[in-house]
Amino acid sequence: GLAGTDITPPVGFPMAVYYHERLAEGAIDPLKARAIVFRGSTEQAAWVVCDLIGISTDLGRAVRQRAFEKTGIPVSNIVVSATHSHTAPDYTKELVRYLDKTNRDPLRAGYIEKLINGPADAIVAAFKNADTVILESGSARQQTPVSFNRRFVMRDGSVKTWMNLKNPDVVRAAGPIDPEIGLLAIRTPQGAPRGIISNFALHLDTVGGTKWSADYPYFIEQSLRKGIGADVISLFGTGCCGDINHSDPTRAERNKVDFIGNAIGDTVSGRLSSLTKLDGPDVTVKSRVVQLPLQDATRDEVAKAITIVDAAARKEKVEFLEHVTAYKKLMLDHWRHREPFANSEEHMTWGLSRSLAGIGDALPVEVTVIAVGRDLAIVYLPGEVFVELGLAIKQASPYRTTMVVELSNCVETIYIPNRAAYAGGSYEVTNSTTLPGSGELLVETAVSLLREAASGKSP
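No experiment lies behind these values; they were computed from the predicted model shown.

S.K.: Before we go on, may I ask you to explain the packing of helix 1 (residues 57-71) against helix 2 (residues 92-99) in this structure?
M.R.: The packing of two helices is summarised by the inter-axis angle and the distance between the axes. It is the contact of helix 1 with helix 2, at a shortest axis distance of 10 Å, that shows an interaxial angle of 55°. On the basis of their axis angle, the class for helix 1 and helix 2 is oblique. Of the residues in helix 2, those touching helix 1 at D58, L59 and R66 are L95, V96, Y98 and L99.

S.K.: Could you clarify how one ought to interpret the environment of P436 in this entry?
M.R.: Relative to the elements of secondary structure, P436 occurs in the loop between helix 11 (427-430) and helix 12 (438-455). Judged by its relative accessible area of 37%, P436 falls in the partly exposed class. Between the C-alpha atoms of P436 and Y399, which are 37 residues apart in sequence, the distance is 28 Å. With sequence-adjacent residues up to four places away left out, P436 is seen in contact with R419 and Y422.

S.K.: For this particular structure, what's the right way to read the sheet that holds strand 19 (residues 401-405)?
M.R.: Two strands in a sheet stick together by hydrogen bonds in their backbones, pointing the same way (parallel) or opposite ways (antiparallel). The mixed open sheet is built from four strands, whose spatial order is 15-16-17-19. Both edges of this open sheet fall to strand 15 (283-293) and strand 19, since each of them pairs with a single strand only. Strand-to-strand twist in this sheet, taken as the mean axis angle between neighbours without regard to direction, amounts to 15°.

S.K.: What is the right way to read the nonpolar core from this model?
M.R.: Side chains that are nonpolar tend, in soluble globular proteins, to be buried together. With 50 residues, the main nonpolar core has V379, L381 and I393 as its most contacted residues. Aside from chain neighbours lying at most four places away, what touches I393 is V379, L381, V404, V443, A446, V447 and L450. Formed by 38 residues, the second largest nonpolar core is a distinct cluster that contains A35, A46, L52 and V63.

S.K.: What's the story with the packing of aromatic side chains in this structure? I'm lost.
M.R.: Where two aromatic rings form a pair, the distance of their centres and the angle of their planes describe that pair. Inspection of every chain in the model, using the stated rule, returns nine aromatic pairs. Aromatic side chains Y415 and Y427 sit 5.4 Å apart centroid to centroid with 75° between the ring planes, which places their arrangement in the edge-to-face category. Here the residue Y415 occupies a position in strand 20 (residues 415-416), and Y427 occupies one in helix 11, the gap between them amounting to 12 residues. Given a relative accessible area of 3%, Y415 falls into the buried group. The rings of W162, F320, Y415 and Y427 are connected pair by pair, giving a single aromatic cluster. A cation over an aromatic ring shows up here: R39 above the ring of F127, its NZ or CZ 4.4 Å from the ring centre.

S.K.: I'm lost on the sheet that holds strand 4 (residues 78-82) in this one. Help?
M.R.: The sheet built from four strands is open, its strands ordered 1-2-3-4 with mixed pairing. Of all the strands in the sheet, the pair left with one neighbour each is strand 1 (2-6) and strand 4. Within the sheet, the average angular offset between the axes of one strand and its neighbour, ignoring direction, is 15°. Sheet analysis places strand 3 (residues 44-50) next to strand 4, joined by five bridges and oriented parallel. Directly across from V48, in strand 4, lies its bridge partner V80.

S.K.: Is there a simple way to think about helix 4 (residues 216-228) in this case?
M.R.: A turn of α-helix holds 3.6 residues, and therefore any two residues three or four places apart point the same way. Between the first and last C-alpha of helix 4 there are 18 Å, a value that for 13 residues agrees with the 18 Å anticipated at 1.5 Å per step. Along its buried surface, helix 4 packs onto strand 2 (32-39), strand 11 (193-200), strand 12 (233-238) and helix 5 (257-271). The first or second residue beyond helix 4 is G229, which carries a positive phi of 160°.

S.K.: Is there a simple way to think about the pairing of strand 17 (residues 376-380) in this case?
M.R.: Along a regular strand, successive side chains alternate from one face of the sheet to the other. Within strand 17, five of the five residues are buried, leaving the element largely enclosed by the surrounding structure. Of the two faces of strand 17, the one lined by L376, I378 and Y380 and the one lined by A377 and V379 are each fully buried. Bridge count for strand 16 (residues 362-372) against strand 17 is five bridges, and the pairing is antiparallel. Each bridged residue has a counterpart across the sheet, and for V369 the counterpart in strand 17 is V379. Between strand 16 and strand 17, which pair antiparallel one after the other, the connecting turn spans three residues, and G373 there sits at a positive phi close to 70°. Two strands pair when backbone bridges link them, and strand 17 and strand 19 are joined in this way by five bridges, in the parallel orientation. Opposite I378, over in strand 19, you have M403 as the bridge partner.

S.K.: Would you take a moment to explain the side chain of T92 for this structure?
M.R.: Within the fold, T92 resides in helix 2. A polar side-chain atom of T92 sits 3.2 Å from the main-chain carbonyl oxygen of T349. Of note is the side chain of T92, whose polar atom sits 3.5 Å from the backbone nitrogen of W350. Leaving out residues up to four positions away in the same chain, T92 has contacts with S56, T349, W350, G351 and L352.

Calculation criteria
- The residue count restarts for each chain, going from 1 along the sequence in the order it is written.
- In keeping with the predicted nature of the model, local features appear solely for residues at pLDDT of at least 70, side-chain atom pairs appear and are counted solely at 80 or more, and the whole-chain, interface and lining totals rest on all residues.
- Processing note: side-chain calculations cover all non-hydrogen atoms of the structure and skip hydrogens and water entirely.
- For helices, the fitted axis covers only the stretch in contact; all axes are lines through C-alpha atoms, and the angles between them, taken along N-to-C directions, range from 0 to 180 degrees.
- Starting at the N terminus, helices and strands are each numbered in turn, a helix being any DSSP run of H or I of at least four residues and a strand any DSSP run of E of at least two.
- When an angle is under 35 degrees it counts as roughly parallel; over 145 it counts as roughly antiparallel; between 65 and 115 it counts as roughly perpendicular; any other value is oblique.
- The contact rule is simple, with two residues in contact once any of their heavy atoms fall within 4.5 Å.
- Three labels apply to residues, based on accessible area from a 1.4 Å probe with only protein chains included: buried if under 20% of the type maximum, exposed if over 50%, partly exposed otherwise in between.
- Here a strand pair is declared whenever DSSP counts at least two bridges between the two strands.
- Here, the term nonpolar core denotes a set of buried Ala, Val, Leu, Ile, Met, Phe, Trp, Tyr and Cys residues that are joined through side-chain atoms within 4.5 Å.
- The pairing test for Phe, Tyr and Trp rings, Trp by its six-membered ring, is centres within 6.5 Å, and the orientation test on the planes gives stacked under 30 degrees, edge-to-face over 60, and tilted for anything in between.
- Only Lys NZ and Arg CZ are tested; either one counts as a charge over a ring when it is within 6 Å of the ring centre and within 35 degrees of the ring normal.
- To estimate how far a helix should extend, the number of its residues minus one is multiplied by 1.5 Å.
- Polar contact criterion, stated in full: a pair of N or O atoms within 3.5 Å, where within protein one must be able to donate a hydrogen and the other to accept it, and residues adjacent in sequence count only if both atoms are side-chain atoms.

This is the structure in structure tokens:
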């Protein structure tokens, strides 16, 4: 089953990221939640993709619980993912207030209700319209260059993000890209297209401004609808792209959002006729909770963080990475300590969490695998995962087509670099809340679950 719902916030709701409040002034295109439900002979699973910056643990739990109550699909078999659009709402503080019943702003409280119900309703609608289908899977290689590793090794041995190759101190890109687009086509028994799942590793931050936009996945769907059917639902799962963006380091100008989305859409459309029909497409779901070790936040670090964040709020000049570190320390203080050193709500918007407040020195995250037949598996990971980790999972997977989708069920890890990247440092390492080795732990867990699914064995 497939379905979609609208989750566009109202004008005046806060927009995500950039460490300062900006209120939306309108919409370029709508934000959606798109769901697919797999119903096999003994198991069923649901996946909903939302045009959001991330899925907070609070939001993931609320959506999954509502969907379970209305469909009976086990919570552990429901995945809520974000595309990572940067022109999406900053909702976490308002969500905590809503859950605590302390939200007195009717506009903001009303949107939070919509934000929870929208993805859950999409799952319910997909559950209700589920029918016998033909499933075809495979992959395509993105030939038109739209993705680039954004970390660079410098002549002094350091690693810096967002460089240009014209800089004489740049030696090389610090890592690879993943040019593969994983594909699953859903067709009626008569062959008519119902939906396309695509999975590609490219950061979503190509629009900017103060209007809502789903970023380039919107143009992927428009491209597919023009090419293969006006009612086709496009589910885009963001691949492991914590160190990947759209900025070509050989050029000054950046690729535009429509160019990126249409280029990917054209690649997908060109591959659909040669996908392989899944053999024996039953459904297997494997899920495991992993405890990722959190970095520390001492009393002195939190005191310094408050000074920096407050200075930034007064629009005083603050060094960017110092600001990133300060905000991260406030989040860690909020999660690690039952009695935080700071008044979290006074200094934070995103990062506030009802579920994780005082959780301790480890962050509980889920790794989930939905396998369909013997040839297709979809792996779901938390956070913004480095491309090297996604490639490692694909290389070790026993499935012919393996999609790896980041930002699922939990965004609070922020970036998840591979262990080697911690030695290089720079922005993504600065903006990670977990300790080195967390990414490798996710890879080990994912590969273990893939092997269990393929062998039909339990752990």
